Every structure is written in C-alpha cells, then in structure tokens.
Amino acid sequence: MQTVKVRQQGGAMIVTIPRDVAAGLGWAVGTEVAIERSGEKLSFKSTKRQARGSLTVAELLGQIDVEEIAALNEGSKGFAEAKPVGREVW
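This is a predicted model, so every value here is computed, not measured. Residue positions are given per chain, counting from 1 as you read along its sequence in written order. Under the rules for a predicted model, residues below a pLDDT of 70 receive no local features and side-chain atom pairs below 80 are neither given nor counted, while totals for whole chains, interfaces and linings still include all residues. Values shown for side chains rest on all heavy atoms present in the structure; no hydrogens or waters enter the calculation.

(A) Just the overall build of the chain, in detail. Only DSSP runs of H or I covering at least 4 residues are called helices, and only runs of E covering at least 2 are called strands; the numbering of each starts at the N terminus. Helix and strand content of the chain: three helices and four strands. Secondary structure elements in the chain, listed N-terminal to C-terminal, are β-β-α-β-β-α-α. By the compact-globule yardstick of 12 Å for 90 residues, the chain is too spread out, its C-alpha radius of gyration being 24 Å. Viewed in the frame of its principal axes, the chain has a C-alpha envelope of about 70 × 30 × 25 Å. Think of it in three bands: with a 1.4 Å probe and only protein chains considered, a residue is buried below 20% of the maximum accessible area for its type, exposed above 50%, and partly exposed in between. Relative to its full complement of 90 residues, the chain shows a buried share of 4%. Restricting to contacts in the chain with at least 6 residues of sequence separation, those with at least 24 account for 12%. Every accessible area reported is derived by Shrake-Rupley at a probe size of 1.4 Å, with residue values counting cover from the shown protein chains alone. As presented, the chain carries roughly 8,600 Å² of accessible surface, and 56% of it is formed by carbon and sulfur atoms. Asp and Glu are treated as the negative residues and Lys and Arg as the positive ones, with His and the ends of the chain left uncounted. All charge positions are set by atom: Lys at NZ, Arg at CZ, Asp at CG, Glu at CD. Between the mean site of the 12 positive side-chain charges and the mean site of the 11 negative ones, the chain shows a separation of 10 Å. In this description the radius of gyration comes from C-alpha coordinates, and the expected globular size is given by 2.2 Å times residues to the power 0.38. When checking whether two residues touch, look at their non-hydrogen atoms; a contact exists if any pair is within 4.5 Å.

In structure tokens, the structure reads:
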C-alpha cells in the first residue's frame with residue numbers, strides 16, 4: 001500500500017495517484033473517475049475502463065514520427081527486388 005498526502009489547490013483538495021498505480025489500471029491524464037464514499041473509505045473507479053496500453057487509432061497515428069518512417073522507407077528501398085539467398089519465397 002502506498003501513502004499520499006491530501007493537498008489544497010484553489011478551493012479543492014487534491015490526492016495524487018502514483019503513476020504506476022494509474023498505469024496498472026489503464027488510467028491516463030483525462031480519465032474520468034467516479035468517487036464513492038463508504039464511511040471513511042473512498043473508492044475510485046473509472047467510468048470507462050481503458051485497458052493498459054489500449055489507444056485509439058487517432059492516438060496511434062498521432063505518435064507517428066514522419067522522419068522515422070521516411071528513414072525506414074529509404075532503408076528498405078529495393079528489398080522487394082532482392083534475389084533470394086536461401087529457401088525464402090517472395
């Protein structure tokens with residue numbers, strides 16, 4: 001169990017969720033979380049579960065490095081025209 005402190009930011013009280021805990025739950029910045037109180041306990045539950053590592057197509061496309069793709073394309077030029085050197089079949 002990890003321990004964190006409650007702090008104040010403006011008129012709100014803030015509890016920091018450690019990054020490894022959030023990542024293990026599949027949470028990221030902007031994840032909508034429902035809070036439930038039971039006596040002195042608080043429960044946090046995302047309103048929409050997103051599996052760890054699960055990204056939308058738009059998020060995946062946003063991570064494309066154009067220079068890296070250009071270098072990959074340049075490095076693989078002529079690959080399809082290469083002559084087999086073993087038992088591979090094109």
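(B) Quick look at the pattern of salt bridges. A pair is scored as a salt bridge if a Lys or Arg side-chain nitrogen falls within 4 Å of a carboxyl oxygen belonging to Asp or Glu. The tally for this structure, following the rule as stated, stands at one salt bridge. Between Lys77 and Glu74 there is a salt bridge whose closest N-O contact spans 3.3 Å. Overall, the relative accessible area of 60% leaves Lys77 in the exposed class.

(C) How the structure looks around the layout of surface pockets. Points on a 1 Å grid, built from protein atoms alone, make a cavity when a 1.4 Å probe fits but cannot get out and make a pocket when they are open with protein on both sides within 12 Å along at least 5 of 7 lines; residues with an atom within 4 Å of a point are the lining residues. Grid points are joined across faces, edges and corners, and a volume is the space filled by probe spheres set on the points. One number sums up the size of the largest pocket: a volume of about 820 Å³. If you trace the largest pocket, you find 23 residues lining it, with Val15, Thr16, Ile17, Ala22 and Trp27 closest to the centre. Elements with a contribution of two residues or more to the lining of the largest pocket: strand E2 (12-15), helix H1 (19-24), strand E3 (33-38) and strand E4 (41-46). Examining the composition of the lining of the largest pocket, we find that four residues originate from one element, H1, more than from any other. Of the residues belonging to the lining of the largest pocket, the class tally is 17 nonpolar, five polar and one charged. Throughout, the ten residues Ala, Val, Leu, Ile, Met, Phe, Trp, Tyr, Cys and Pro are labelled nonpolar, Asp, Glu, Lys and Arg are labelled charged, and all others, Gly among them, are labelled polar.

(D) Main features of the pairing of strand E1 (residues 6-9). Following DSSP output, two strands are said to pair if at least two bridges run between them. The sheet contact formed by E1 and E2 spans four bridges and is antiparallel. Residue pairing across strands places Gln9 opposite Ala12, the latter belonging to E2. Once E1 ends, the chain turns through two residues before running back antiparallel as E2, passing Gly10 with a positive phi of about 65 degrees.

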